[in-house]
Amino acid sequence: MANLNLLQAINQALDIAMAADERVLCFGEDVGGFGGVFRATSHLQEKYGKARCFNTPLVEQGIIGFANGLAAQGSTPVAEIQFADYIFPAFDQIVNESAKFRYRSGDLFNVGGLTIRTPYGGGIAGGLYHSQSPEAYFAHTPGLKVVVPRNPHQAKGLLLAAIRDPNPVLFFEPKRLYRASTGEVPESDYQLPLGEAEVIKEGSDITLLAWGAQMEVIEEAAELAEKEGISCEVVDLRSILPWDVETVANSVLKTGRLLISHEAPLTGGFAGEIAATIQERCFLYLESPISRVTGLDTPFPLTLEKEYLPDRLKVFEAIKASVAY
Amino acid sequence: MTTTTSSLVHSPAFLKGDEFSIDTFALLKQDGSLFEGAAPPDLDRDKALRIYHAMVFTRVLDERMLAAQRQGRLSFYMQCTGEEAAVIGSAAALDDEDMIMAQYREQGALAYRGFSCDEFMNQMFGNERDYGKGRQMPIHYGSAKLNYMTISSPLATQIPQATGYAYGQKLAGDGHCTITYFGEGAASEGDFHAALNMATVHKVPVIFFCRNNGYAISTPAVEQFAADGVAPRAFGYKMRVIRVDGNDVLAVYQATMEARRLAVEHNQPVLIEAMTYRLAAHSSSDDPSGYRSKKEEEAWREKDPILRLRRWLESCDWWSDEEEKALQERLRREVLETMKAAQKRPAPPLDSLVTDVYDTPTPQLNEQLAKLEAHIRLYPEAYPKSASRRSAEGSAGAPGAENGQGGR
Ligand SMILES: Cc1ncc(C[n+]2csc(CCOP(=O)(O)OP(=O)(O)O)c2C)c(N)n1
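Remember, it's a predicted structure, so these values are computed and weren't measured experimentally.

> Kindly report on helix H6 (residues 190-201) of chain B, identifying the contributing residues and their values.
Residue pairs spaced three or four apart in an α-helix point in one direction, given the helix's 3.6 residues per turn. All names here are of chain B. If you check H6, its first and last C-alpha atoms are 17 Å apart, about what 12 residues at 1.5 Å a residue would give, namely 16 Å. Listing the buried residues of H6 in full gives Asp191, Phe192, Ala195, Leu196 and Ala199. Buried positions in H6, seen along its axis, are confined to an arc of 130° and lie on one side of it. For H6, the secondary structure elements touched by its buried residues are helix H5 (158-172), strand E2 (178-183), strand E3 (206-212), helix H7 (233-236) and strand E7 (270-275).

Next up, the structure:
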């Protein structure tokens with residue numbers, strides 16, 4: 001065990017994956033000698049050479065197109081998109097190609113080896129284009145897996161699982177927590193399951209559900225609520241696609257209430273999908289409408305970022321409203 | 001119909017493209033004298049000094065604002081340092097009504113157009129006078145009255161937009177063109193290629209100005225492309241192209257004048273590749289010691305474009321040490337004073353969160369705003385920027401309105 005931050009945990013996962021399998025390659029803008037603008041790929045080029053860890057030209061559609069080709073050939077590309085806000089030039093390669101490669105060829109070909117890593121999320125004074133949480137766009141794309149870790153231990157285990165999963169995986173890294181989140185991480189090569197949520201605190205009055213950096217926020221809100229005598233069950237979804245309906249539904253059957261929180265805008269956000277499914281599964285058990293605490297239906301602002309964000313106070317108020325419904 | 005007229009040959013000959021070697025246009029030596037056989041461009045004293053002032057202002061602003069970022073006054077900053085000649089020399093060759101669509105490191109062009117120090121500061125501090133209403137990170141300037149399109153962080157997106165904008169100018173027949181700036185890194189994006197192809201196909205009055213400053217963050221140009229820079233790509237699109245010493249303001253100015261003539265009079269798009277160097281870090285978040293040597297930086301510091309122009313101005317008897325001293329002092333004071341004032345101004349009002357998403361806020365947005373207002377009333381101390389503003393409401397001028405142009 002060692003105390004690592006989230007970046008170090010990611011770096012360690014990449015290191016282990018590259019050491020264990022020479023087909024694993026890491027590349028992207030500034031990923032090579034420099035080790036990435038956040039340093040997630042530090043020292044990988046030194047260790048594994050320029051053929052396996054390298055800078056690409058500045059072209060996201062090229063990076064993912066290239067990665068799709070490599071994956072189809074049988075390699076295991078781990079491509080970095082420098083910020084999730086800059087994934088959109090590669091949207092076509094991801095949505096029309098990565099996601100449909102296996103299906104359209106009747107499984108003659110697949111890009112299952114592909115993993116795309118990208119930092120997402122706000123709270124870092126990044127404004128419109130260094131703050132977005134685009135997970136819902138990709139959740140609307142059958143064929144992809146979408147994963148979001150919340151801490152170093154998860155980041156390492158989920159990333160190793162993503163790299164080895166036989167499907168293309170988008171791995172969204174909460175950049176606000178890159179250095180802020182630290183914790184004990186086993187040195188061993190371990191994997192955490194994709195598609196499974198984790199109940200991180202049991203409770204009886206309401207289920208609070210989030211993923212990634214937003215977990216910290218709902219945990220703080222849960223503490224505020226506990227002081228008012230409200231018992232919160234806190235669940236980390238971990239995988240957005242496919243998502244763990246069973247765990248969430250079982251929790252809601254028990255608590256009778258559900259609050260979902262994400263930074264992305266309300267309309268079309270992934271909370272909507274969860275709410276629809278859970279009301280189908282738990283309709284007669286619900287004590288109050290499913291609550292969504294999210295970003296506004298606007299682009300991500302800068303000066304008024306604090307006002308925009310679904311912070312612990314907004315979650316706390318929504319918890320009280322749900323319980324008092 | 002095809003555009004290809006090709007003869008048949010009967011042995012397989014592969015072309016290397018070596019016949020396209022591209023020279024660099026240069027007029028001014030570092031000591032401020034002209035190269036032998038070089039004639040100075042048509043540039044009078046007033047214009048030369050306007051260019052010089054903008055260059056010095058940009059340098060002073062950059063130094064001061066980087067320091068402000070280090071002191072924690074500002075979240076982020078990007079310097080133009082080392083590239084002032086490329087950016088300002090080209091802007092000076094245009095008509096002030098021509099459109100500028102920049103990447104982000106071209107504050108010098110905006111300064112040349114007359115964006116005031118106060119306007120720069122209001123954007124950087126995202127206060128209630130920022131035209132962009134505090135929504136974008138520092139240095140994402142824009143000015144409708146100065147024909148400077150608001151900066152967008154996603155790279156290269158402005159390049160095909162410039163082709164479209166200029167096509168509209170051509171149809172309008174107003175005799176104007178568009179210049180778009182971008183780095184050699186951004187030129188790797190698909191948008192760059194789309195833009196150049198569409199520009200020659202549709203005969204568009206647009207100037208593509210590449211600042212080849214050697215690096216895209218940590219990635220050196222040699223890892224960005226294998227070719228001889230960005231310039232040779234023009235041939236693939238049948239576009240006119242010139243490479244110029246980007247630290248030579250006279251050469252940049254003359255090359256861009258000629259490019260503008262081709263664009264506006266003949267609807268011929270042009271690619272200009274300015275060879276220069278990003279002397280500063282990529283941004284305030286970057287530390288170049290991780291990817292390049294001090295020695296390399298020093299070698300380029302010797303080629304300072306501002307000093308080069310200053311020496312030429314002095315050789316024309318258009319500039320003196322006393323004037324230099326006075327200008328430096330005046331600009332430093334102005335930058336410091338306007339910064340302090342801008343930093344004190346309040347944030348934009350809360351409703352700026354939901355305006356401009358559409359022409360008018362939707363019912364959902366109004367509802368979300370009302371809910372947010374109620375929430376802030378409950379916890380005013382948690383949202384000091386908007387809560388403190390509530391009590392001051394009414395005193396502020398129209399936020400975002402482009403108020404009088406403070407000349408400089
Ligand atoms: C589409 C997109 N991808 C990545 C980035 C992140 N990024 C910002 S600046 C930059 C390097 C740009 O280099 P270059 O175009 O050469 O311009 P320079 O900074 O050297 O002036 C990168 C990769 C971005 N802003 N947009």
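There's plenty left to go through after this.
> Describe the site of the ligand, naming the residues involved and giving the relevant values.
In the neighbourhood of the ligand, 22 residues make up the surrounding shell, with Leu155, Gly183, Gly185, Ala186 and Ala216 of chain B lying closest. Chain contributions to the surroundings of the ligand come from chains A and B. For the shell around the ligand, the class distribution of residues is 10 nonpolar, six polar and six charged.

> Can you tell me about the packing of helix H4 (residues 117-124) of chain B against helix H11 (residues 321-344) of chain B, naming the residues and giving the values?
Residues and elements named next belong to chain B. In the contact formed by H4 and H11, the axes pass within 9 Å of each other and the chain directions differ by 40°. As far as their axial angle goes, H11 and H4 are oblique. The handedness of the crossing between H4 and H11 is right-handed. From H4, Cys117, Asp118, Met121 and Asn122 reach across to H11, where they touch Glu334, Val335, Thr338, Met339 and Ala342. Residue composition of the contact of H4 with H11, by class: five nonpolar, two polar and two charged.

> Mind laying out the interface of chain A and chain B, listing which residues take part and the relevant values?
Contacts between chain A and chain B engage 31 residues on the former and 39 residues on the latter. Among the elements of the structure, helix H11 (305-308) and helix H12 (312-323) of chain A are those that each provide at least two residues to the side of chain A that touches chain B.

> Summarise the domain arrangement of chain B; cite the residues concerned and give the values.
Domain annotation of chain B identifies domain 1 (45-344) and domain 2 (350-392). When each unit is reduced to the centre of its C-alpha atoms, the spacing between domain 1 of chain B and domain 2 of chain B is 36 Å.

> Before we move on, can you summarise helix H8 (residues 214-227) of chain A with the specific residues and values?
Residues and elements named next belong to chain A. Spanning 14 residues, H8 covers 21 Å between terminal C-alpha atoms, matching the ideal 20 Å at 1.5 Å per step. For H8, the complete set of buried residues consists of Gln214, Met215, Val217, Ile218, Ala221, Ala222 and Ala225. Taken around the axis of H8, the buried residues stretch over an arc of 155°, which confines them to a single face. On its buried face, H8 is in contact with strand E9 (198-201), strand E10 (206-210), strand E11 (232-236), strand E13 (258-265) and H12.

> So what's going on with the sheet that holds E2 of chain B? Residues and values would help.
Residue and element names in this part refer to chain B. Strand order in the open sheet formed by five strands is E1-E2-E3-E7-E6, and the pairing between neighbours is parallel. Each end of this open sheet is capped by a strand with a single partner; those strands are strand E1 (99-101) and strand E6 (240-245). Pairwise comparison of adjacent strand axes, ignoring direction, gives a mean angle of 20° for this sheet. Two elements, E2 and E3, share six bridges in a ladder whose sense is parallel. Its bridge partner being in E3, phenylalanine 182 is matched across the sheet by cysteine 210. The sheet contacts of helix H8 (residues 249-266) involve E3, E6 and E7, and relative to E7 the element is tilted by about 170°.

> Explain the UniProt feature "domain: Transketolase-like pyrimidine-binding" (unreviewed entry) in chain A to me, using residue names and the numbers behind them.
When the UniProt feature table is mapped onto this chain, "domain: Transketolase-like pyrimidine-binding" (unreviewed entry) is found at residues 4-180 of chain A. Along residues 4-180 of chain A the backbone is 36% helical and 17% strand, and the end-to-end C-alpha distance reaches 10 Å.

> Explain the packing of helix H9 (residues 245-255) of chain A against helix H10 (residues 270-282) of chain A to me, using residue names and the numbers behind them.
All names here are of chain A. Following both chains from N to C, one finds H9 and H10 inclined at 60°, their axes separated by 10 Å at the closest point. Considering their axes alone, H9 and H10 lie oblique with respect to each other. Handedness of the crossing formed by H9 with H10: right-handed. Seen from H9, the contacting residues are Val245, Val248, Ala249, Val252 and Leu253; seen from H10, they are Ile274, Thr277, Ile278, Arg281 and Cys282.

> Account for the environment of glycine 35 of chain A, naming residues and giving values.
All names here are of chain A. Among the secondary structure elements, glycine 35 is positioned in the loop between strand E2 (24-28) and helix H2 (44-48). You can call glycine 35 buried: it has 22 C-beta atoms within 10 Å. Taking the C-alpha atoms as reference, glycine 35 lies 46 Å from alanine 321; in sequence the two are 286 residues apart. Every residue in contact with glycine 35, bar those within four places of it in the chain, is listed here: Thr41, Ser42 and His43.

> So what's going on with the domain arrangement of chain A? Residues and values would help.
All names here are of chain A. Each domain of chain A was delimited in the assignment, giving domain 1 (2-185) and domain 2 (198-323). Computed from C-alpha coordinates alone, the two centres of domain 1 and domain 2 are separated by 26 Å. At the junction of the two partners, domain 1 supplies 25 residues and domain 2 supplies 21 residues. The set of elements that each furnish at least two residues to the side of domain 1 that touches domain 2 consists of helix H6 (135-139), strand E6 (145-147), helix H7 (152-164) and strand E7 (169-174). Its residues assigned to classes, the side of domain 1 that touches domain 2 shows 13 nonpolar, eight polar and four charged.

Conventions adopted
Residues numbered from 1 in each chain as written. Chains lettered and ligands numbered in written order. Predicted model: local features only at pLDDT ≥ 70, side-chain atom pairs only at ≥ 80, totals over all residues. Helix = DSSP H or I, 4+ residues; strand = E, 2+ residues; numbered from the N terminus. Expected span 1.5 Å × (residues − 1). Buried ≥ 20, exposed ≤ 12 C-beta atoms within 10 Å, placed from the backbone. Arc of directions from axis to C-beta. Contact = placed C-beta atoms within 7 Å. Near = placed C-beta within 6 Å. Nonpolar A, V, L, I, M, F, W, Y, C, P; charged D, E, K, R; others polar. Axes fitted to C-alpha atoms, helices over the stretch in contact; angles between N-to-C directions. Parallel < 35°, antiparallel > 145°, perpendicular 65-115°, else oblique. Left-handed = near helix turned anticlockwise from the far one by under 90°. Domains from an automatic or database assignment. Pairing = 2+ DSSP bridges. UniProt positions renumbered as here; feature names shortened; annotations may be inferred.

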